[in-house]
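Inside the fold
Here are the chains, one letter per residue:
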Amino acid sequence: MQFRVYYEDTDSTGLVYHANYLKFCERARSEVFFKVGVVPQSTQGGFVIKSLQAEFITPALLGDCLQVSTQILELKRVSLSLQQEILRQEQRLFRMRIKLAFIDLATKKPTSIPQKFLEILHGF
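Analysis parameters
- Residues numbered from 1 in each chain as written.
- Predicted model: local features only at pLDDT ≥ 70, side-chain atom pairs only at ≥ 80, totals over all residues.
- Heavy atoms only, no water.
- Phe/Tyr/Trp six-rings, centres within 6.5 Å; stacked < 30°, edge-to-face > 60°.
- Helix = DSSP H or I, 4+ residues; strand = E, 2+ residues; numbered from the N terminus.
- Buried < 20%, exposed > 50% of the residue type's maximum accessible area, 1.4 Å probe, protein only.
- Pairing = 2+ DSSP bridges.
- Axes fitted to C-alpha atoms, helices over the stretch in contact; angles between N-to-C directions.
- Contact = heavy atoms within 4.5 Å.
- Core = buried A, V, L, I, M, F, W, Y, C linked by side-chain atoms within 4.5 Å.

**Some details on the packing of aromatic side chains**
For the coordinates displayed, the defined rule picks out 10 aromatic pairs. Ring geometry for F33 and F47: centres 6.1 Å apart, planes at 45°, overall tilted. Taken together, the residues F33 in helix α1 (residues 18-34) and F47 in strand β2 (residues 45-56) connect sequence positions 14 residues apart. You can call F33 buried: its relative accessible area is 5%.

**Section: the sheet that holds strand β3 (residues 65-75)**
To summarise the sheet geometry, strands pair through backbone hydrogen bonds and adopt either a parallel or an antiparallel arrangement. An order of β1-β3-β4-β5-β2 is seen for the 5 strands of this open sheet, with the pairing classed as antiparallel. The two strands at the open ends of the sheet, each matched to only one other strand, are β1 (2-4) and β2. Averaged over all neighbouring strand pairs, the angle between strand axes comes to 30°, with direction disregarded. Along the sheet face, helix α2 (residues 115-122) touches β2, β3, β4 (79-88) and β5 (91-104) and points at about 115° away from the line of β3.

**Let's talk about the pairing of β5**
Looking at chain direction, β2 and β5 are connected through 11 bridges and run antiparallel. Bridge assignment links Q53 to a residue of β5, and that residue is R97. The pairing of β4 with β5 spans 10 bridges and is classified as antiparallel. When the sheet's bridge partners are listed, Q83 is paired in β5 with R97. Here β4 folds back onto β5, and the loop between the two strands holds 2 residues, one of which, Q89, carries a positive phi near 55°.

**With respect to the nonpolar core**
F24, F33, A60, L66, V68 and I86 are the most contacted members of the largest nonpolar core, which totals 27 residues. Mapped onto this core, the elements with two or more residues apiece are α1, β3, β4, β5 and α2. In this structure, I86 is in contact with Y21, F24, C25, L66, Q67, V68, Q91, R92, L93 and F94, ignoring residues within four places of it in sequence.

Shown next as structure tokens:
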């Protein structure tokens, strides 16, 4: 997923605000589903963050054109682990590992990832 950094993405110094790196990665994860006409949530449940580890390498700046790359590291019955990176051309700016769990919306407990979501993720 590619996008440009706008003024609203930056702090008072003109650098991308730290929380926005997480938002950029979230948008890229959602886009995997949107591209095939599916919303990444169902009546059964949705994905929640179980854990993440982030590394801020060098800042993105106002006007930069960035790319988010996503790699599935592990896909299980109720969870998946990803590595996501934000790049400016070939320069890595940010990297994180994130573990997502699929939970039942009613009980808020882990439940199996729906088959249609697994098919999308396997094809990614």
